Amino acid sequence: MQLSFFYSFKSEWLKTRHSLASWLTISGAFFIPAIVLFQRLLYVADSAAVNASPQVWEHLYKDNWQYMAVLLLPMGVILVSSLITQLEVKNNAWKLVHSTPQKLHTIFSAKLGVILLMLLQFFLLFNIGIYLTGVVPALFNRQIPFPGAVFPVIAYLRGSGQFFIACLPIVALQYLLSLQFRNFLVPVGIGLALLTASIIAAKWKYGYIIPYIYGTLKFIGKQPAAALYTLPLSYFCGFTIASWLLYYYKKQKA
Amino acid sequence: MSFCLETTQLSYRFTGQETALENIHLQVPQGSIYGFLGPNGAGKTTTLKLVLGLLKKQQGHITIFGKPFEQHRMAVLQQVGALIESPSLYSHLSALENLQVLQTIYRCPSQRIHEVLQLVDLANTGHKKAGQFSLGMKQRLAIAMTLLHRPSLLILDEPTNGLDPNGIIEMRELLKTINREQGITILISSHLLPEIEKLSTHIGIIHKGKLLFQDTLETLMRSTQQAPVLISTNNNTQSLQLLQAQGVHVAAANGHLLMQGVSKEKIALINRQLVLAGIDVYGIHTQHHDLEATFMDLINH
């Protein structure tokens, strides 16, 4: 079983080569750091002061995440989750996948696994991008010192981990929708509508019940304790189980 | 005779629609090229999708390689290559990468990729994306994907759709070669009668969800000996009376006399009798009865 999952996962990962989803993951991860970097190269005095500060990495973390957390990350997750699933619809390939010797739960979990790995890949590249926004200005301008403080790997990992968990309900619901609807616009439209609703509801005291809101709440730091891990993980499990049941009992598999 | 694929009492109904398949008893002999003929909407694709588990079976049994499909789905699919309707290719990947996707699942040696690319004459496509291929190249790549894991049974649904005459000939030769040299059983559906006639050893004819005929091509063509015979004379009324009086099953039709199931010897005898009765016989001919005529007869009656 584990071996067949490994091969199915590898096969699914091969499909992402040159795909829009993989380009979106890479370019999306470096988009905000590139803008921040450009800004830091432009405002030399400010950059020098920040790099000399012991809180340089906290400063850069906030600079980068403030644009990413609320809008771009959830939007990217919506698009990538839908694009990966829609690869089969776009290429008329569900019938190919379902006529190969793979169990349905292996296909389902391998595809979901690929989306999650792409999300991890995004976080890794985004953190590398943040690191580069601290180091690169010092390479190009002697007036800017290299950051004096040590890069806080653990703190960055913890922060990224919490944002990762905040994204899980989005991944699971987008996956469910993309498996059910052949038209790409339906899952993306529903996803963007829910994201908009969650941004509007960010200050509402019961806003934390909206599954797409956890990235925003994590960034503004006003979430109830349950919204950090329990609620997003519960939503993820619930949506994944519902998604599997709908996929398994779908009448036509191609 | 051992059957590579067999269905019994296979029936299917789409939600809210009339029955799509009714008691289909498909029997595909080992090593054959089985032409599955039928007009559009006859139920060919539905049958093939059921056989591959792409549609959930509602009634009947499917046995492949002597094993019930549902209980042995994984083992059976490991030995089956399938191309249903239009080719399923990842348009953003090259031919090589498309094959790598399947090679990973089937766990076959990577050198096999180059073998099948050579076989379908796509070895020199390099990094060109499958989305930029011509339809003929796409079909050939799809065939390569079905052959990658050395299947024992190929299930091809309308593989020549959209191909130009040259592409159709190439496809036919390719299928004949792999059947002859590798002993692969091929189940091929089509609505193109000449293609099936040139390619198949066995034929199944389906219409409105019912299997009307199933046997070898020779058996089907042998039925031409029982083809209708048309006689033209200067006096059809008198001829009709004369022949009916002798117990011949004959009817007047469009200015001719039409007889069914008459042997060559009997035709000669009837001719002599008409001439002896003073009737001028203008012509006697057997209605041309090729696969197309047989097919039309079957689906119209």
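Rules used in this analysis
The written sequence of each chain sets the order in which its residues are numbered from 1. To read the labels, note that chains go from A and ligands from 1, taken in the order they are written. Local features in this predicted model are restricted to residues of pLDDT 70 or higher, and side-chain atom pairs are both shown and tallied only at a pLDDT of 80 or more, whereas totals for entire chains, interfaces and linings draw on every residue. For the side-chain quantities, the full set of heavy atoms in the structure was used; hydrogens and water were omitted. Note on terminology: a nonpolar core comprises buried Ala, Val, Leu, Ile, Met, Phe, Trp, Tyr and Cys residues joined through side-chain atoms within 4.5 Å. Burial classification: accessible surface area is computed with a 1.4 Å probe over protein chains only, and a residue below 20% of its type maximum counts as buried, one above 50% as exposed, and the rest as partly exposed. Residue ranges for the domains originate in an automatic or database domain assignment. The contact definition used throughout considers only heavy atoms, calling two residues in contact when any of these lie within 4.5 Å. When DSSP finds two or more bridges between a pair of strands, those strands are recorded as paired. Counting from the N terminus, the helices are DSSP H or I runs at least four residues long and the strands are E runs at least two residues long. All axes here are fitted lines through C-alpha atoms, helices being fitted over the stretch that makes contact, and every angle between N-to-C directions spans 0 to 180 degrees. Here the quantity called buried area is the total loss of accessible area, with a 1.4 Å probe, experienced by two parts when brought into contact, counted for both. Any carboxyl oxygen of Asp or Glu that lies within 4 Å of a side-chain nitrogen of Lys or Arg is treated as forming a salt bridge with it. The handedness criterion is simple: a crossing whose near helix is rotated anticlockwise from the far helix by less than a right angle is left-handed, and one whose near helix is rotated clockwise is right-handed. Residue polarity is assigned by list, with Asp, Glu, Lys and Arg as charged and Ala, Val, Leu, Ile, Met, Phe, Trp, Tyr, Cys and Pro as nonpolar; anything else, Gly included, falls into the polar class. N or O atoms within 3.5 Å of each other form a polar contact, as long as, within protein, one can give a hydrogen and the other can take it, and as long as residues adjacent in sequence are counted only when both atoms are side-chain atoms. What the arc measures is the spread of directions leading from the helix axis to the C-beta atoms.

Attention now moves to the nonpolar core. In this structure, Trp65 of chain A together with Leu175 of chain B are the most contacted members of the largest nonpolar core, which totals 110 residues. Looking at this core, you find at least three residues from each of domain 1 (3-222) and domain 2 (227-300) of chain B. Not counting residues within four places of it along the chain, the set of residues in contact with Trp65 of chain A comprises Leu73, Phe123, Phe126, Ile130, Ser160, Phe163 and Phe219 of chain A. In terms of nonpolar packing, the next biggest core, distinct from the first, is built from 29 residues, Ala42, Leu50, Val51 and Leu153 of chain B among them.

Our focus in this paragraph is the sheet that holds strand β14 (residues 256-259) of chain B. All names here are of chain B. Reading across from one edge, β13-β14-β12-β15 is the order of the four strands in this open sheet, with antiparallel pairing throughout. Of all strands in the sheet, those with a lone pairing partner are β13 (250-253) and β15 (281-286), marking the two edges. Along the sheet, successive strands turn relative to each other by an average axial angle of 25 degrees, direction set aside. In this fold helix α9 (residues 236-245) packs onto β12 (229-233), β13 and β14, with an angle of close to 25 degrees to the strand it touches most, β14. Against the sheet, helix α10 (residues 264-276) makes contact with β12, β14 and β15, and its axis sits at roughly 170 degrees relative to β15, the strand it touches most.

This part covers the domain arrangement of chain B. Residues and elements named next belong to chain B. Taken domain by domain, chain B holds domain 1 (3-222) and domain 2 (227-300). Once you take the C-alpha centre of each, domain 1 and domain 2 turn out to be 43 Å apart. Taken together, the twelve residues of domain 1 in the interface contact eight residues of domain 2. Between domain 1 and domain 2 lies a buried interface of about 900 Å² when both sides are counted; carbon and sulfur atoms form 86% of it. On inspection of domain 1 and its partner domain 2, the count reaches zero salt bridges. Secondary-structure elements contributing two or more residues to the side of domain 1 that touches domain 2 are α7 (193-199), β10 (202-207), β11 (210-216) and α8 (217-222).

Moving on, we come to the packing of helix α6 (residues 104-140) of chain A against helix α7 (residues 153-180) of chain A. Residue and element names in this part refer to chain A. Where α6 meets α7, the closest approach of the two axes is 10 Å, and the angle between their N-to-C directions is 145 degrees. In this structure, α6 meets α7 at a crossing whose hand is right-handed. Within the contact between the two elements, α6 uses Ile107, Phe108, Lys111, Leu112, Ile115, Leu116, Leu119, Leu120, Phe123, Asn127 and Ile130 and α7 uses Tyr156, Ser160, Phe163, Phe164, Cys167, Leu168, Val171, Tyr175 and Leu179. Among the residues making up the contact of α6 with α7, the classes are represented as 17 nonpolar, two polar and one charged.

A few words on the side chain of Ser32 of chain B. Residue and element names in this part refer to chain B. Residue position: Ser32 is located in the loop between β3 (27-29) and β4 (33-37). Taking relative accessible area as the criterion, Ser32 reaches 3% and is therefore assigned buried. A polar contact is formed between the side chain of Ser32 and the backbone oxygen of Pro29, at a distance of 2.7 Å. Contacts of Ser32, omitting those with residues within four sequence positions, involve Asn179, Ile184, Thr185, Ile186, Thr201 and His202.

A word on the environment of Ile209 of chain A. All names here are of chain A. Its place among the elements puts Ile209 in the loop between α8 (185-200) and α9 (214-220). The exposure class assigned to Ile209 is partly exposed, which follows from its relative accessible area of 42%. The spacing of Ile209 and Tyr235 is 26 residues in sequence and 9.6 Å in space, taken between C-alpha atoms. Those residues within four positions of Ile209 in sequence are excluded, and the remaining contacts are Trp204, Tyr214 and Tyr235.

Since there are 3.6 residues in each turn of an α-helix, residues three or four apart along the chain are aligned in direction. Residue and element names in this part refer to chain B. Every buried residue of helix α4 (residues 111-119) is listed here: Arg112, Ile113, Val116 and Leu117. Summarising the axial view, the buried residues of α4 lie within an arc of 135 degrees, below the 170-degree limit, and thus occupy one face. Opposite the packed face of α4, turned more than 90 degrees from it, sit the exposed residues Gln111 and Gln118. The inward-facing, buried residues of α4 abut α3 (95-106), α5 (135-147) and α6 (165-182). Count one or two residues on from α4 and you reach Asp121, which has phi positive near 60 degrees.

Residue and element names in this part refer to chain B. With mixed pairing, six strands are arranged side by side in an open sheet as β7-β8-β9-β4-β10-β11. The sheet terminates laterally at β7 (80-83) and β11, the two strands that pair on one side only. Neighbour-to-neighbour, the strand axes of this sheet turn through a mean angle of 10 degrees, independent of strand direction. Relative to strand β9 (residues 185-190), β4 runs parallel, the two being bridged by five bridges. Residue Leu37 lies in a different strand from β9, and its bridge partner there is Ser190. Each of β4, β8 (153-157), β9 and β10 is contacted by helix α1 (residues 44-51), which is oriented at about 145 degrees to β8, the strand it contacts most. Contacts between α5 and the sheet are confined to β7 and β8, with β7 contributing the most and set at about 160 degrees to the helix.

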